[in-house]
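Chain by chain, the residues run as shown.
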Amino acid sequence: MKTDTIVILSNRELDKMRQAGRLAAELLHHLEPMVKPGVSTLELNDEAERWTQAHNAKSAPLNYKGFPKSICTSVNEVICHGIPNAKQILKEGDIINIDVTPIVDRYHGDTSKTFFVGTPSPVAKKLVEVTEECLRRGIAEVKSGARVGDIGAAIQEYAEAQGFSVVRDFVGHGVSHIFHTAPEIPHYGTRGKGKRLRPGMVFTIEPMINEGTWEVEVLKDGWTAVTRDRKLSAQFEHTLAVTEDGVEILTLP
Ligand code: MF3
Ligand code: CO
Ligand code: CO
């Protein structure tokens, strides 16, 4: 459900977000050593589901608006919302974004990283490094009184200066007991524009950066978003809380 009101979380709610965020980060860390040539994206999904249940949590993506699996696995030209599949076997040189969102005591921890399968090509390596730096630069803008547009501007300036493009069709989002809520956090934009950030606001920053065009196509499965030119796309995501004196990254192990 998407709501228009930006909520300010209480300290009690922030504590629940910290628990969910930490579990999300630990899940990604747990899956990382499985990312090798020969593994299927379904095997990654099934281990994520098993591990999540073993930690008394739930997988938010499963059945979310009809999404059929527990995590998103987005390989190479897939921008986001890739569906794990037994027939999709990772191979040397691929890049894969794994996006996890466990629910702990009703609260959501949403984080993703792009991993290399074996040794990346030079352009894949640069794209993934630039995308991680985009997330860092976006996070560096987060403080009470700053504007949502400051985040997008910082990301867009850096990505485009490196010769890459910023996806427009998917944005960061408020997250709490609701998976996707206000505010929207575009990864492009203008400094000084947009809503003001206030302590207790919790949202994701999750830039999707493309090697070529920023334009998106959604495949016939209704979920898998790919680059229109089928060139590479990378993504990193953290869930963040605005604090009195800056920002707290909630999705760290
Ligand atoms: N975790 C994704 C995000 O960052 C959302 C996945 S929704 C799903 O917002 F339905 F595709 F799982
Ligand atoms: Co998200
Ligand atoms: Co996510």
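This text follows the structure it describes.
Residues numbered from 1 in each chain as written. Chains lettered and ligands numbered in written order. Predicted model: local features only at pLDDT ≥ 70, side-chain atom pairs only at ≥ 80, totals over all residues. Heavy atoms only, no water.

J.: What exactly am I supposed to notice about the environment of G109 here?
T.: Counting through the fold element by element, G109 comes out in the loop between β6 (107-108) and β7 (111-116). Relative accessible area serves as the criterion here: at 0%, G109 is assigned to the buried category. (Helix = DSSP H or I, 4+ residues; strand = E, 2+ residues; numbered from the N terminus. Buried < 20%, exposed > 50% of the residue type's maximum accessible area, 1.4 Å probe, protein only.)

J.: Looking at this structure, I do not really get the site of ligand 1. What am I missing?
T.: By nearness alone, 14 residues border ligand 1, and D99, H173, H180, E206 and E237 come closest of all. Contact distances for ligand 1 include 3.2 Å between an oxygen atom and a side-chain N or O atom of D110. A distance of 3.0 Å is found between an oxygen atom of ligand 1 and a side-chain nitrogen or oxygen belonging to H173. Contact with the protein chains removes 96% of the 340 Å² of surface that ligand 1 exposes when unbound. Counted by class, the shell around ligand 1 contains 6 nonpolar, 4 polar and 4 charged residues. (Near = heavy atom within 4 Å. Polar contact = N/O pair within 3.5 Å; in protein donor to acceptor, adjacent residues only side chain to side chain. Areas by Shrake-Rupley, 256 points an atom, 1.4 Å probe, with all protein chains shown as cover. Nonpolar A, V, L, I, M, F, W, Y, C, P; charged D, E, K, R; others polar.)

J.: Is there a simple way to think about the pattern of salt bridges in this case?
T.: Tallying each qualifying case throughout the model produces 12 salt bridges. The partner of E47 in a salt bridge is R50, with the nearest N and O atoms 2.7 Å apart. In this pair, E47 and R50 are both assigned in helix α2 (residues 41-54), 3 residues apart and thus about one turn of the helix distant. Assessed through its relative accessible area of 46%, R50 is described here as partly exposed. Connected through shared salt-bridge partners, D15, R18 and E248 make up one network. (Salt bridge = Lys/Arg side-chain N within 4 Å of Asp/Glu carboxyl O.)

J.: Hey, could you run me through the sheet that holds strand β3 (residues 78-80) in this one?
T.: The pairing of strands in a sheet comes from backbone hydrogen bonds and takes either a parallel or an antiparallel form. With respect to topology, 3 strands assemble into an open sheet ordered β3-β14-β13, the strand pairing being antiparallel. Each of the sheet's edge strands pairs with one partner strand only, and the pair in question is β3 and β13 (216-218). Within this sheet the neighbouring strands show an average axis-to-axis angle of 45°, counted without direction. (Pairing = 2+ DSSP bridges. Axes fitted to C-alpha atoms, helices over the stretch in contact; angles between N-to-C directions.)

J.: How do you make sense of the packing of aromatic side chains when you look at a structure like this?
T.: Think of a pair of aromatic rings as described by two things: how far the centres are apart, and how the planes are tilted against each other in angle. This structure, assessed with the given rule, holds 2 aromatic pairs. Look at F67 and W223: their rings are 5.1 Å apart centre to centre, the planes differ by 90°, and that puts the pair in the edge-to-face class. One end of the pair, F67, is in the loop between β1 (58-59) and β2 (72-75); the other, W223, is in the loop between β13 and β14 (225-227), and 156 residues separate them in sequence. Like F67, the residue W223 is buried in the burial classification. Sitting above the plane of the Y188 ring, R168 keeps its charged end 5.4 Å from the centroid. (Phe/Tyr/Trp six-rings, centres within 6.5 Å; stacked < 30°, edge-to-face > 60°. Lys NZ or Arg CZ within 6 Å of the ring centre and 35° of its normal.)

J.: It is not clear to me how the packing of helix α3 (residues 122-140) against helix α4 (residues 148-161) should be interpreted in this structure. Could you clarify?
T.: A pair of packed helices can be characterised by two numbers: the angle between their axes and the separation between those axes. Put simply, α3 and α4 touch, their axes get as near as 8 Å, and they point 150° apart. Taken together, the axis directions place α3 and α4 in an arrangement best described as roughly antiparallel. For the crossing formed where α3 meets α4, the hand is right-handed. For the pair formed by α3 and α4, the contact residues are V130, E133, C134, R137 and G138 on the first element and I151, A154, I155, Y158 and A159 on the second. Of the residues in the contact of α3 with α4, the class split is 7 nonpolar, 1 polar and 2 charged. (Parallel < 35°, antiparallel > 145°, perpendicular 65-115°, else oblique. Left-handed = near helix turned anticlockwise from the far one by under 90°. Contact = heavy atoms within 4.5 Å.)

J.: Is there a simple way to explain the nonpolar core in this structure?
T.: Generally speaking, a soluble globular protein has its nonpolar side chains buried in company with each other. With 28 residues, the main nonpolar core has C134, V142, I151, L197, F203, I205 and I209 as its most contacted residues. Listing elements by their share of this core, those giving two or more residues are α3, α4, β11 (202-205) and β16 (238-243). Among the elements that make up this core, the one with the highest residue count is α3 (7 residues). Counting residues in each nonpolar core, the second largest holds 21 residues, with L27, V39, V100 and F115 among its members. (Core = buried A, V, L, I, M, F, W, Y, C linked by side-chain atoms within 4.5 Å.)

Scope: geometric values only; no functional claims are made or implied.
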